[in-house]
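A look at the structure
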Amino acid sequence: DASRQRSDEIPLDGRMTVIVLRVVSYDGYGQSAATLSDDIFGTKGDAVNLASQYRACSGGKAQFFAARGEKIEGGVLTIRVPHMIKNWKTLAINVYVVKAAEAIVGPMSQWTLHMVVLPPTVAIGGFAAVAQNGGPRSTFRDKFVSMILVQMHEIGHNLGMSHSGQITDKEE
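Residues numbered from 1 in each chain as written. Predicted model: local features only at pLDDT ≥ 70, side-chain atom pairs only at ≥ 80, totals over all residues. Heavy atoms only, no water.

**Description of the overall build of the chain**
Here is the rule we go by: Numbering goes from the N terminus for both helices and strands, where a helix is a DSSP run of H or I of at least four residues and a strand is a run of E of at least two. Burial status follows relative accessibility: with a 1.4 Å probe on protein chains alone, a residue under 20% of its type maximum counts as buried, one over 50% as exposed, and anything between as partly exposed. In what follows, residue pairs with any heavy atoms lying within 4.5 Å of each other are defined as contacts. Areas reported here follow the Shrake-Rupley algorithm with a probe of radius 1.4 Å; residue values treat only the protein chains shown as occluding.
Secondary structure summary: the chain contains five helices and six strands in total. Shown N-terminal to C-terminal, the secondary structure of the chain runs as helices and strands in the order α-β-α-α-β-β-α-β-β-β-α. Sorting the 172 residues of the chain into buried and exposed places 45% on the buried side. Across the chain, every contact between residues at least 6 apart in sequence was considered, and the portion connecting residues at least 24 apart equals 63%. On the chain, roughly 8800 Å² of surface is accessible, and the fraction owed to carbon and sulfur atoms is 53%.

Shown next, in the form of structure tokens:
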């Protein structure tokens, strides 16, 4: 089945590259690229971030690194959407943002994980964030991406982990 095959592509340990897609729209924008980079990768000295905590929890086996490339600042690529998107469905925003990102930096498959950060005006069905279980993409409401608990939770889904009481192929 396709979801199982996709899940096998995301490693549970090793070197993983992460691109953060910071969405700026006519509705507004959230945190700066520098703040996101620090909160996720610790680039400005934030000692408690996604990279440091997965490294600590895995005994150094899971290592997250910021995407590099032209127009990418500390792992963050800013995507400007020339529309008001607060009433768009999360899937529609993701499709638009990924296509826009690929037009700038090429295929998203060059990075292990893709974190989409939406402006504070966009709701995700009342959730702080959502993620593909066993897939590369997670989507966060602005301020929640800076909360280590939310980062760890959603990336855990990307790595194939489910909620308590639910078992996936990776957890068997």
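**Observations concerning the nonpolar core**
Rules: Take the buried Ala, Val, Leu, Ile, Met, Phe, Trp, Tyr and Cys residues and link them wherever side-chain atoms come within 4.5 Å; each set so joined is a nonpolar core.
Judged by nonpolar contacts, the single largest core of 23 residues is most densely connected at Val18, Val20, Ile40, Phe64, Met115, Val145 and Ile155. For this core, the element with the most residues is helix α2 (residues 33-41), which contributes four residues. Residues within four places of Val18 in sequence aside, it is in contact with Phe41, Phe64, Phe65, Ala66, Ala67, Gly75, Leu113 and Met115.

**Some thoughts on the pairing of strand β6 (residues 137-141)**
Regular strands place side chains that alternate from one sheet face to the opposite one. Stated formally: Two strands are said to pair when DSSP picks up at least two bridges between them.
In the sheet, strand β4 (residues 113-118) pairs with β6 via five bridges, with the strands oriented parallel. Bridging across to β6, Val116 finds its partner in Thr139. Pairing of strand β5 (residues 129-131) with β6 involves three bridges; the strand directions are antiparallel. Bridge pairing links Ala129 to Phe140 in β6. Linking β5 to β6, which pair antiparallel, is a turn of five residues; within it Gly134 sits at a positive phi near 80°.

**Quick notes on the confidence of the model for the chain**
Predicted coordinates in regions of low pLDDT should not be interpreted in detail. So the rule is basically this: Known as pLDDT, the predictor's per-residue confidence is scaled from 0 to 100.
This prediction gives the chain a mean pLDDT of 89; 88% of its residues lie at or above 70. Note on residues 1-8: pLDDT under 50 across the span, and seven contacts to partners over four residues away in sequence or across chains.

**Structural notes on the environment of Arg80**
Within the fold, Arg80 resides in strand β3 (residues 76-81). Taking the relative accessible area as the measure of exposure, Arg80 reaches 62% and is therefore exposed. Counting along the chain gives 56 residues from Arg80 to Val24, while the straight-line C-alpha distance between them is 4.8 Å.

**Some details on the packing of aromatic side chains**
Here is the rule: Each Phe, Tyr or Trp ring, with Trp reduced to its six-membered ring, pairs with another whose centre is within 6.5 Å; inter-plane angles below 30 degrees give stacked pairs, above 60 give edge-to-face pairs, and intermediate values give tilted ones.
Summed over all chains, the structure comprises two aromatic pairs. Taking the centre distance of 5.7 Å and the plane angle of 70° together, the rings of Trp88 and Tyr96 count as edge-to-face.

**What to know about the environment of Phe144**
Its place among the elements puts Phe144 in the loop between β6 and α5 (148-158). Among residues more than four places away in sequence, those in contact with Phe144 are Ala128 and Val150.

**Re helix α4 (residues 90-105)**
What counts here: What a helix should span is 1.5 Å times the count of its residues minus one. Comment: arc refers to directions from the helix axis out to C-beta atoms.
For α4, built from 16 residues, the straight-helix expectation of 22 Å at 1.5 Å per residue is met to within 8% by its first-to-last C-alpha distance of 22 Å. For α4, the complete set of buried residues consists of Thr90, Ile93, Asn94, Val97, Val98, Ala101 and Val105. Buried residues of α4, seen end-on, are gathered within an arc of 125° and therefore sit on one face of the element. Those residues of α4 that are exposed and angled more than 90 degrees off the buried face are Lys99 and Ala103. Against β1 (14-25), β3, β4, β5 and β6 lie the buried residues of α4. Immediately downstream of α4, the backbone of Gly106 shows phi near 95°, a positive value.

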